[in-house]
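Single-letter residue listing:
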Amino acid sequence: LCVPAVPVLFKQALENTDTEEGKSVSLRCELTKADATVVWKKGGATLQASAKYEMKQKGTVAELVIHNAEPEDA
């Protein structure tokens, strides 16, 4: 028996979020499949975990925290 893979979809997409310069901001989305691989990008560049970018994932919720936000992070 061959069962086709079910695609991962967004249950809750990202929303525009405002913050003050120098503060941290959290971007969250919810997926239809727990522990799906999530890649965060800015433009065409893939973001890597660092002191500035913190990636979290628990179950179906993926979160990107941007520390010390700057206008360039828009």
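Residues numbered from 1 in each chain as written. Predicted model: local features only at pLDDT ≥ 70, side-chain atom pairs only at ≥ 80, totals over all residues. Heavy atoms only, no water.

Mapped onto the secondary structure, D73 falls in the segment after strand 6 (61–66). Of note is the side chain of D73, whose polar atom sits 3.0 Å from the side chain of K52. Setting aside its immediate chain neighbours within four residues, D73 contacts K42, K52, Y53, I66 and N68. (Helix = DSSP H or I, 4+ residues; strand = E, 2+ residues; numbered from the N terminus. Polar contact = N/O pair within 3.5 Å; in protein donor to acceptor, adjacent residues only side chain to side chain. Contact = heavy atoms within 4.5 Å.)

It is worth spelling out the pattern of salt bridges at this point. Considering all chains together, one arrives at four salt bridges under this definition. Residue E70 is joined to K52 by a salt bridge in which the shortest nitrogen-to-oxygen separation is 3.5 Å. With E70 in the segment after strand 6 and K52 in the loop between strand 4 (45–46) and strand 5 (53–58), this residue pair connects regions lying 18 residues apart in the sequence. Where K56 meets E54, a salt bridge forms, and the shortest distance between an N and an O atom there is 3.9 Å. (Salt bridge = Lys/Arg side-chain N within 4 Å of Asp/Glu carboxyl O.)

On to the sheet that holds strand 6, then. Taken in spatial order, the four strands of this open sheet run 1-2-6-5, and their pairing is antiparallel. A single partner strand is all that each edge strand has here, and the edge strands are strand 1 (10–12) and strand 5. For this sheet the average axis-to-axis angle between neighbouring strands, irrespective of direction, equals 30°. Where strand 2 (residues 25–31) and strand 6 come together, six bridges link them in antiparallel fashion. When the sheet's bridge partners are listed, S26 is paired in strand 6 with V65. (Pairing = 2+ DSSP bridges. Axes fitted to C-alpha atoms, helices over the stretch in contact; angles between N-to-C directions.)

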